[in-house]
Amino acid sequence: MKDRITIEGRDGAFGAYIARPKTSPASAVVVLHEVFGVNADIRKTCDELAEQGFIAVAPDLFWRQEPGVDLSVTSEPDWEHGLRLYQAYDRDAGAKDVKDTANAVAKLPGCTGKVAVLGYCLGGLMTFLTAARYGADAAVVYHGGDTEKYLGEVNGLNAPLLMHLAEEDEFISKAAQAEIKTALARKSKATVYSYPGQHHAFARHNGTHYNAAAAALANGRTSEFLHQQLR
């Protein structure tokens, strides 16, 4: 059921994890990782999406810097490693990689051609940028850090977008969250949910701030949104 595929991007080839549903044809979700690469958490997220009936593909966003990054969220050296990659990451090139992944996934055998992009933290920002610059059938953002720096691109956003923000996020200030909400309020297809009392990465499996109730609420909303937009 589970495998790796290669995406032939415009700037080179890079790897991706794929989880396939039991039935096809199916619509697809491109899953964008945090600073930890395509790690156990991201693979599990893909597996869960496949159980919901989607083809789930997680591309290696760090392939230009260091292919095959797979870091632990509980290791301090791994955190430092991931943050170094994050700081050096080329977001403009990355958005093209995400679009190339979505294009490739749409053509996979058994895919309906409908593709959503869904991401966490760095991946959440890349989801927003890709949807605003290149479009998507649907976009889901979990706590996309630095999104407020790109709100000038919101006019390009025509895709249905669902965003989850943790009110106590230590990486996205309350002022930044307010800016994001104000900008997205102008977009009729954008919905922003706030999670009171929650911290960054509250929906990450095994994360320090994981909150089962808030994660279930956010993931339930995501599942409903994806099934609605991709049918």
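Residues numbered from 1 in each chain as written. Predicted model: local features only at pLDDT ≥ 70, side-chain atom pairs only at ≥ 80, totals over all residues. Heavy atoms only, no water.

Some details on the overall build of the chain
What the chain contains, in helices and strands, is six helices and eight strands. Beginning at the N terminus, the succession of helices and strands in the chain can be written as β-β-β-α-β-α-α-β-α-β-β-α-β-α. Taking 17 Å as the expected radius of gyration for a compact globule of 231 residues, we find that the chain reaches 16 Å, a close match to that expectation. Principal-axis analysis of the C-alpha atoms places the extent of the chain at approximately 45 × 40 × 35 Å. Residues counted as buried form 55% of the 231 residues belonging to the chain. Once local pairs closer than 6 in sequence are excluded, the contacts in the chain between residues at least 24 apart make up 66%. (Helix = DSSP H or I, 4+ residues; strand = E, 2+ residues; numbered from the N terminus. Rg over C-alpha atoms; globule rule 2.2 N^0.38 Å. Buried < 20%, exposed > 50% of the residue type's maximum accessible area, 1.4 Å probe, protein only. Contact = heavy atoms within 4.5 Å.)

Some details on the environment of Glu80
Along the polypeptide, Glu80 turns up in helix H2 (residues 76-88). Under the relative-accessibility criterion, Glu80 is labelled partly exposed at 43%. As for Glu80 and Phe36, which are separated by 44 residues in sequence, their C-alpha atoms are 9.9 Å apart.

A word on the environment of Glu168
Looking at the element boundaries, Glu168 is found in the loop between strand E7 (161-166) and helix H5 (174-184). On a C-alpha basis, the gap between Glu168 and Ala139 in space is 23 Å, while along the polypeptide they are 29 residues apart. Ignoring any residue separated from it by four or fewer positions in sequence, one finds Glu168 in contact with Lys174, Gly197, Gln198 and His199. Of note is the side chain of Glu168, whose polar atom sits 3.0 Å from the side chain of Lys174. (Polar contact = N/O pair within 3.5 Å; in protein donor to acceptor, adjacent residues only side chain to side chain.)

Observations concerning the packing of aromatic side chains
Aromatic ring pairs are defined here through the distance separating the ring centres and the angle between the ring planes. Within the structure shown, the criterion is met by five aromatic pairs. Aromatic pair Tyr120 and Tyr142: ring centres 4.6 Å apart, planes at 25 degrees, arrangement stacked. Note that Tyr120 is positioned in strand E5 (residues 111-120) and Tyr142 in strand E6 (residues 138-142), a separation of 22 residues in sequence. Judged on exposure class, the residue Tyr120 and its partner Tyr142 are both buried. The cationic tip of Arg10 hangs over the ring face of Tyr134; the distance from NZ or CZ to the ring centre is 5.9 Å. If you follow Arg221 out to its NZ or CZ, it ends over the ring of Tyr193, 3.7 Å from the centre. (Phe/Tyr/Trp six-rings, centres within 6.5 Å; stacked < 30°, edge-to-face > 60°. Lys NZ or Arg CZ within 6 Å of the ring centre and 35° of its normal.)

Take it as geometry only, folks, not as evidence of what the structure does.
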